[in-house]
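The primary structure of each chain is shown beneath.
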Amino acid sequence: LFQGDRAAAEEMWPLIEFSAASVLRHTTNGIIASRTDEMEGRYPTGKANLSTSSLAYGGYRFAACLARSLGKPAAADFDRRAEALRKAIESYFGAEVEGFKTYRYYKENTTLRGWILLPLAMGITERQEATVAALISDKLWPHRLAGGDILAESTRPTEWGRETYYALRVLFKAGHTEEGLDLTRRVVQAQIFGAKGPYPDEDAIDMLCPGSLYPRVFTEGMFGIVPTGLDSFECTPWLPKAWPRMALRDLRAFGQSWDLVVERVGDQQKVTVLSGGKTLMTGSGLAGKTYALTFPNGKNETQKP
């Protein structure tokens, strides 16, 4: 979707259908059965874990967007599956864990897990505030003020760097701009410019963390960019209080080169998208307002309240 390459999308489409069919085959009681997650058996995950179902939800949503861009009839079905999965995630995983009304990671789980942030990362907001509170608590992120990573599980000392960069993105997406900026600065100072840096991870240099996850703190977190098609996106920017403006310059996405500029005007944010010296979209509103744009001619400017 970000690439905006229709030919590449058509080439990938059979693989997306194959993946969606696999997810559907593993759907049990509304959620996705899975023997493990990306931690590859290091921690218990039960017969179905929150990570797999959350990623499947996000996959269905983006697959629907791609289907609409390609004129495929599967879009409505993928959206329907996503809505059903969202409800199932709430009913199956939604729980009070260690005093927070957030998510249990699997059915028998009684401890906080770092990956409870994944529903928020995928746009599921039913338990947003309690989940954010759990993330920035001493139970899950005890060394956050020193720029340390989130714990994979509250009762074990193991930190998990990938979860940290997801968490920073989620803080911005949830509108916790000042906390997100403060913790991002602390993590960068410690992990990129400090004694732990540069770019620590289990494999020393890992594309996942922070090579690709750190930039997404800004593109998808602070600027809130979410693709909605091969030539369209939405953005929900969060300008920090002390900043008069922020900008992403010469972005290459959706087959275009463009700028996204956010400026403070009184108590509102002015949002402008420019490309090739032309203004494609401009709008203003309070922080948390979502704007939408369809390329390439800027004729389909819309704003969401």
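Residues numbered from 1 in each chain as written. Predicted model: local features only at pLDDT ≥ 70, side-chain atom pairs only at ≥ 80, totals over all residues. Heavy atoms only, no water.

A.B. asks: Which parts of the structure should I look at to understand the packing of aromatic side chains?
C.D. replies: When we look at a pair of aromatic rings, we describe it by the centre distance and by the angle of the planes. Applying the stated criterion across every chain yields a total of 13 aromatic pairs. Taking the centre distance of 6.2 Å and the plane angle of 35 degrees together, the rings of Phe254 and Trp258 count as tilted. Take Trp258: its relative accessible area is 1%, and that puts it in the buried class. When the ring of Trp258 is compared with that of Phe295, the centres are 5.5 Å apart and the planes differ by 55 degrees; the resulting orientation is tilted. One end of the pair, Trp258, is in strand 8 (residues 256–265); the other, Phe295, is in the loop between strand 11 (290–294) and strand 12 (302–304), and 37 residues separate them in sequence. (Phe/Tyr/Trp six-rings, centres within 6.5 Å; stacked < 30°, edge-to-face > 60°. Buried < 20%, exposed > 50% of the residue type's maximum accessible area, 1.4 Å probe, protein only. Helix = DSSP H or I, 4+ residues; strand = E, 2+ residues; numbered from the N terminus.)

A.B. asks: Where do I start with the packing of helix 1 (residues 6–25) against helix 2 (residues 50–70) in this structure?
C.D. replies: When two helices pack together, their arrangement is captured by the angle between the axes and the distance separating the axes. The contact between helix 1 and helix 2 brings their axes to 10 Å, and the two run at 140 degrees. Here helix 2 runs oblique to helix 1, going by the angle between their axes. Where helix 1 crosses over helix 2, the handedness of that crossing is left-handed. The segment helix 1 lies against helix 2, with Arg6, Ala9, Glu10, Trp13, Ile16, Ala20, Val23 and Leu24 engaging Ala56, Tyr60, Ala63, Leu66, Ala67, Ser69 and Leu70. (Axes fitted to C-alpha atoms, helices over the stretch in contact; angles between N-to-C directions. Parallel < 35°, antiparallel > 145°, perpendicular 65-115°, else oblique. Left-handed = near helix turned anticlockwise from the far one by under 90°. Contact = heavy atoms within 4.5 Å.)

A.B. asks: Looking at this structure, I do not really get helix 7 (residues 177–191). What am I missing?
C.D. replies: Because an α-helix completes one turn every 3.6 residues, residues spaced three or four positions apart along the sequence face the same direction. Along its 15 residues, helix 7 runs 21 Å from first to last C-alpha, staying within 8% of the 21 Å computed at 1.5 Å per residue. Three or more residues of helix 7 are buried, namely Thr177, Gly180, Leu181, Leu183, Thr184, Val187, Val188, Ala190 and Gln191. (Expected span 1.5 Å × (residues − 1).)

A.B. asks: Looking at this model, I keep getting lost on the confidence of the model for the chain. Mind explaining?
C.D. replies: Note: predicted coordinates in regions of low pLDDT should not be interpreted at a detailed level. Averaged over every residue, the pLDDT of the chain is 92; residues scoring 70 or more account for 92%. Contacts from residues 298–305, a stretch scored under 50 in pLDDT, to residues over four places away or in other chains number 17 contacts. (pLDDT = per-residue confidence, 0-100.)

A.B. asks: Would you take a moment to explain the environment of Ser275 for this structure?
C.D. replies: Tracing the backbone through its elements, the reader meets Ser275 in strand 9 (residues 268–275). The class of Ser275 is buried, set by a relative accessible area of 16%. Taking the C-alpha atoms as reference, Ser275 lies 49 Å from Gly46; in sequence the two are 229 residues apart. Setting aside its immediate chain neighbours within four residues, Ser275 contacts Gln256, Ser257, Trp258 and Leu280.

A.B. asks: Looking at this structure, how should I read the sheet that holds strand 9?
C.D. replies: Judged by pairing direction, the sheet is antiparallel, and its four strands sit side by side in the order 7-8-9-10 without closing on themselves. Of all the strands in the sheet, the pair left with one neighbour each is strand 7 (245–253) and strand 10 (278–285). Taken pair by pair, the neighbouring strands of this sheet meet at an average axis angle of 15 degrees, ignoring direction. Where strand 8 meets strand 9, seven bridges bridge the pair, whose relative direction is antiparallel. Each residue of the ladder has a partner; that of Glu263, found in strand 9, is Lys270. (Pairing = 2+ DSSP bridges.)

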